[in-house]
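Here's the letter readout for the chains.
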Amino acid sequence: MTKVEDLLDPRLKGKICWPAPSLGSNMAMVMLALHKGGDEKNLEPAWEFVKDLARTGNIGRVANSDQDLTTSISSGETCIIGAAQFIAMELARNFDLQYLNKMDKETGFRTFVYAEGWCVLKGGHTDAAFEFANFAIDPENNSQFNKHIAGVPANAKSEISDELKPFAFNNEEMDRYAYLPDWSYLSGQTNEWMKRWEQQIAPLL
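Read on for an overview of the structure. This one's a predicted model, so the numbers in the text were calculated from it and none came from an experiment.

Quick notes on the rules
Residues numbered from 1 in each chain as written. Predicted model: local features only at pLDDT ≥ 70, side-chain atom pairs only at ≥ 80, totals over all residues. Heavy atoms only, no water. Salt bridge = Lys/Arg side-chain N within 4 Å of Asp/Glu carboxyl O. Helix = DSSP H or I, 4+ residues; strand = E, 2+ residues; numbered from the N terminus. Buried < 20%, exposed > 50% of the residue type's maximum accessible area, 1.4 Å probe, protein only. Arc of directions from axis to C-beta. Axes fitted to C-alpha atoms, helices over the stretch in contact; angles between N-to-C directions. Parallel < 35°, antiparallel > 145°, perpendicular 65-115°, else oblique. Contact = heavy atoms within 4.5 Å. Nonpolar A, V, L, I, M, F, W, Y, C, P; charged D, E, K, R; others polar. Phe/Tyr/Trp six-rings, centres within 6.5 Å; stacked < 30°, edge-to-face > 60°. Lys NZ or Arg CZ within 6 Å of the ring centre and 35° of its normal.

## Considering the pattern of salt bridges
Any two side chains of opposite charge can pair, so long as their charged atoms come close to each other. In this structure the tally under the stated criterion is 13 salt bridges. The residue Lys41 makes a salt bridge to Asp182 at a minimum N-O spacing of 3.4 Å. Here Lys41 is found in the loop between helix 1 (27-35) and helix 2 (44-56), whereas its partner Asp182 is found in the loop between strand 5 (178-179) and helix 8 (183-187), with 141 residues between them in sequence. By relative accessible area, Asp182 is classed as partly exposed at 25%. Glu173 is the salt-bridge partner of Lys102, the closest N and O atoms lying 3.4 Å from each other. Note that Lys102 is positioned in the loop between helix 4 (85-92) and strand 4 (111-112) and Glu173 in helix 7 (residues 171-177), a separation of 71 residues in sequence. Of the residues examined, Lys102 reaches a relative accessible area of 28% and is grouped as partly exposed. Via salt bridges that share partners, Arg61, Asp68 and Glu77 belong to a single interconnected network.

Have a look at this one:
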């Protein structure tokens, strides 16, 4: 796989497990939209590409859950998925995988970064909350915690495990490979996207 257009290769008949729009905030289609001149708020170019992809017969399964993705790969049903890093890491422990998360933008492949944050509300035991936050952000503690949840440590001084290193980005790599979508916008589009999928894409599969 060297570019997004390779997904249309007839040699991949039935070998792609494609996530439904309800899975993973529809990042697969956002990726296509960015490559074709759109973005998360303009998926029209992506819909056209997925129609072409569906017509090729290359989509062997539509994934509606993370379990669908892991089952499809581990069973040998398909060999290409778009998935969150914790799924990729789990699969990589048993299979040889080629990650496409650090590909030049021109290829069409992009990595989407999601970050979780904490806050301490006023009132209550705020001192204890800050104490716990400081404990959690300690370099060693943060490293161990993220190792178990397959996340990249928030503390720049934390050690990153070998299996997490392919998913850690420095500032230059963030600019080169990553995209930060409007997550709040995406969360409100799922129902509409699923209806369109059922009407326009599912009949072509």
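The rest of the description comes next.
## A word on unusual backbone geometry
The phi angle of most residues is negative, glycine excepted, and most peptide bonds adopt the trans form. Positive phi outside glycine occurs at Ser25, with the angle close to 60 degrees. Tracing the chain through its elements places Ser25 in the loop between strand 1 (16-19) and helix 1. Phi angles above zero are rare outside glycine, and Ala150 is one such case at about 60 degrees. Within the secondary structure, Ala150 sits in the loop between helix 6 (139-149) and helix 7.

## Quick notes on helix 9 (residues 190-201)
Because an α-helix packs 3.6 residues into every turn, residues spaced three or four apart end up facing the same way. Of the residues making up helix 9, those classed as buried are Trp193, Met194, Arg196, Trp197 and Ile201. One face of helix 9 carries all of its buried residues, which in axial projection span an arc of 165 degrees. Residues Asn191, Glu192, Lys195 and Gln199 are exposed on helix 9 and point more than 90 degrees away from its buried face.

## Remarks on the packing of helix 1 against helix 2
Packed helices, taken two at a time, are described by the angle their axes make and the gap between the axes. Viewed as axis vectors pointing N to C, helix 1 and helix 2 meet at an angle of 110 degrees, and their least axial separation amounts to 7 Å. Comparing their axes, helix 2 and helix 1 come out roughly perpendicular. Along its contact with helix 1, which presents Met29, Leu32 and Ala33, the element helix 2 presents Ala46, Trp47, Phe49 and Val50. Of the residues assigned to the contact of helix 1 with helix 2, the class counts are seven nonpolar, no polar and no charged.

## A closer look at the packing of aromatic side chains
Applying the stated criterion to the full structure yields six aromatic pairs. Ring geometry for Phe112 and Tyr179: centres 6.1 Å apart, planes at 90 degrees, overall edge-to-face. Placement of the pair is Phe112 in strand 4 and Tyr179 in strand 5, with a sequence separation of 67 residues. Exposure class is identical for Phe112 and Tyr179. Each is buried. The structure contains a cluster of three or more aromatic residues connected by ring pairs, namely Trp118, Phe132 and Phe135. Its guanidinium or amino end placed over the ring of Tyr185, Lys41 lies 5.5 Å from that ring's centre, counting from NZ or CZ. In this structure, Lys102 packs its charged tip against the face of Phe169, placed 5.0 Å from the ring centre.

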